[in-house]
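# A closer look at the structure
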Number of protein chains: 2
Amino acid sequence: MVDSDVAEKDLPASRRGAGRRTAICQATCELLAKVGYDRMTMDAIANQAKASKATIYRLWADKPQLVAEAVKCQFGDTTDVPNTGSLRGDLMALMSAACEAATSEVGEIIVGLMTAAKHDQRLAAMLSQTMFADKARLHTELVRRAAERGELHPDTDPALVHEVMHSLISGRMTWNLGPLDEEYARHAVDDILIPVMMYRKP
Amino acid sequence: MVDSDVAEKDLPASRRGAGRRTAICQATCELLAKVGYDRMTMDAIANQAKASKATIYRLWADKPQLVAEAVKCQFGDTTDVPNTGSLRGDLMALMSAACEAATSEVGEIIVGLMTAAKHDQRLAAMLSQTMFADKARLHTELVRRAAERGELHPDTDPALVHEVMHSLISGRMTWNLGPLDEEYARHAVDDILIPVMMYRKP
């Protein structure tokens, strides 16, 4: 196995590095879907990505770190904050995107990883960071805009909508309560998220 | 191994049956805590409960059915609906009890079963029925009383508080968001459950 890439050999070194990094992340996700976290070896990743193990260990300290980046890179780290001009529109866009992601092939990979994380605390911490904490900026931005438009009280806590949105999706999957479809997104937004954000004590 | 119980031999047959049933459920929970669902055999249960396999199979069709009853019998099927005289009091009592149950030894058994249920649809259906659907009556009763006291609008949907309460606990456990303690119960009740139930569109 050689640590080079013919298609990228004329690119500057930094671009080559980025391309290889992406290819290894891609290979990792393919293997996660095929064999799952526990049975996935660094050798198999090197093989699938046509990279050397030395390269992989130069870029990542261990399997949980590599998996964290691979998941981040595939699972909407680049999600734009929806800007539809209304709180309800933004919430529907964010909730629909989250439902779609959770039911996609990558969503299945995440469910598998969450299971593996039950006996791997470092993997659990990485997943919690990547799949939960890193999404906080989306909710902060959504609440900031709605407060600017005068739709929400300026002291509305973005952490609240973040916590409830993620919990609703986990709960629906955990308890097999039904599909994560558009109708469900509407229910979550109108019956739960908007009430939680707009309620003021009488 | 004999299918009799010296201590119970003078009881009427129906009482003997109930005692044996409870003992087998108890033994099942002990084994679930020790070895987990996948590695637990009917032989081991028979051994632990000092009962014959014939008795076990006369009472339950298979392992998922036995486990469902064992879990139900240990995990607060007999929970009383708290009646504190106020909506907030009832919600706090119910939420605190749910948090306590989720973090108990039985809670750990449930988490293990949920993991096993990822590749066992019948077990998943049993768990969803026992741990979720069967709790609906608690929320129905809580909402009915609050509506009678005039604290809630009569058309408040009990399914909503049921869905959100269960989801919050699952989400907090799934994403390692912190302990399921009294402070968290207060947050869930005051910042999420009461707003969801009391909110009226402006």
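My aim in this report is to walk through the structure given alongside it, one point at a time. (Residues numbered from 1 in each chain as written. Chains lettered and ligands numbered in written order. Predicted model: local features only at pLDDT ≥ 70, side-chain atom pairs only at ≥ 80, totals over all residues. Heavy atoms only, no water.)

Within chain A, the regular secondary structure consists of 10 helices and zero strands. Put simply, chain A runs from its N terminus to its C terminus through helices and strands in the order α-α-α-α-α-α-α-α-α-α. Taken across its 202 residues, chain A has 47% of its residues classed as buried. When contacts within chain A are restricted to residue pairs at least 6 apart in sequence, long-range pairs at least 24 apart make up 69% of them. (Helix = DSSP H or I, 4+ residues; strand = E, 2+ residues; numbered from the N terminus. Buried < 20%, exposed > 50% of the residue type's maximum accessible area, 1.4 Å probe, protein only. Contact = heavy atoms within 4.5 Å.)

All right, on to the packing of aromatic side chains then. With the rule as written, the count across this model stands at two aromatic pairs over all chains. The ring of A:Y37 has A:K63 sitting right over it, with the charged end atom 4.3 Å from the ring centre. (Phe/Tyr/Trp six-rings, centres within 6.5 Å; stacked < 30°, edge-to-face > 60°. Lys NZ or Arg CZ within 6 Å of the ring centre and 35° of its normal.)

So, about the interface of chain A and chain B. On the side of chain B, 31 residues touch chain A, which itself brings 31 residues to the contact. Counting each side, the surface lost to burial between chain A and chain B is near 2,700 Å², with a carbon and sulfur contribution of 72%. Among the residues of chain A in contact with chain B, A:E163, A:W175 and A:Y199 are the three that bury the most area, contributing 25% of the side total. Applying the counting rule to chain A against chain B returns zero salt bridges. At the junction of chain A with chain B, the criterion picks out six residue pairs in polar contact (both at pLDDT 80 or more). Here the side of chain A that touches chain B gets 10 residues from one element, more than from any other, and that element is helix 9 (residues 158–174) of chain A. Looking at the side of chain A that touches chain B residue by residue, the classes come out as 18 nonpolar, nine polar and four charged. (Buried area = accessible area lost by both parts, 1.4 Å probe. Salt bridge = Lys/Arg side-chain N within 4 Å of Asp/Glu carboxyl O. Polar contact = N/O pair within 3.5 Å; in protein donor to acceptor, adjacent residues only side chain to side chain. Nonpolar A, V, L, I, M, F, W, Y, C, P; charged D, E, K, R; others polar.)

By the element assignment, B:R172 lies in helix 9 (residues 158–174). With no salt bridge to any partner, buried B:R172 finds its closest opposite charge in A:E163, at an N-O distance of 4.8 Å. Side-chain polar atoms of B:R172 contact the backbone oxygen of B:P179, separated by 2.9 Å. Beyond its immediate chain neighbours, meaning those up to four positions away, B:R172 contacts A:S167, B:L177, B:G178, B:P179, B:L180 and B:Y184. (Lys, Arg positive; Asp, Glu negative; His and termini not counted.)

All right, on to the relation of the copies chain A and chain B then. Both copies of the chain are related by one operation, a rotation about an axis with a shift along it. Rotating chain A by 180° and moving it 0.0 Å along the rotation axis overlays it on chain B with an RMSD of 0.1 Å. Look at the turn and shift together and you get a two-fold axis relating the two. Comparing contact sets, 100% of the residues at the interface of chain A also lie at the interface in chain B, consistent with an isologous, same-surface contact. (Least-squares fit on C-alpha atoms with pLDDT ≥ 70 in both.)

Turning our eyes to something else, we now look at helix 2 (residues 42–49) of chain B. All names here are of chain B. Among the residues of helix 2, M42, I45, A46 and A49 are the ones counted as buried. Across the axial projection of helix 2, the buried residues extend over an arc of 100°, all falling on one side. Remark: K50 follows helix 2 within two positions and exhibits a positive phi of approximately 50°. (Arc of directions from axis to C-beta.)

What follows is about helix 10 (residues 182–198) of chain A. At A:V189, helix 10 of chain A shows its largest bend, some 35°. Judged by how many residues are buried, helix 10 of chain A sits mostly within the fold: 12 of 17 residues are covered. Residues of helix 10 of chain A that are buried: A:Y184, A:A185, A:H187, A:A188, A:V189, A:D190, A:I192, A:L193, A:I194, A:P195, A:V196 and A:M197. Lining the buried residues of helix 10 of chain A we find helix 5 (87–103), helix 8 (136–148) and helix 9 of chain A together with helix 9 and helix 10 (182–198) of chain B. (Bend = angle between axes of the 7 residues up to and from the residue.)

Packed helix pairs are characterised by how far apart their axes lie and by the angle those axes make with each other. All names here are of chain A. Packing of helix 4 (residues 63–74) against helix 7 (residues 121–132) leaves a shortest axis separation of 10 Å and a crossing angle of 20°. What the angle tells us is that helix 4 and helix 7 run roughly parallel. The crossing of helix 4 and helix 7 is right-handed. Residues P64, Q65, V67, A68, V71 and K72 of helix 4 touch helix 7, and the partners they reach there are R122, L123, M126, T130 and M131. In terms of residue class, the contact of helix 4 with helix 7 is built from seven nonpolar, two polar and two charged. (Axes fitted to C-alpha atoms, helices over the stretch in contact; angles between N-to-C directions. Parallel < 35°, antiparallel > 145°, perpendicular 65-115°, else oblique. Left-handed = near helix turned anticlockwise from the far one by under 90°.)

Before going further, it helps to spend a moment on the environment of A:R172. Of the residues examined, A:R172 reaches a relative accessible area of 13% and is grouped as buried. As a C-alpha pair, A:R172 and A:Y184 span 12 residues in sequence and 9.8 Å in three-dimensional space.

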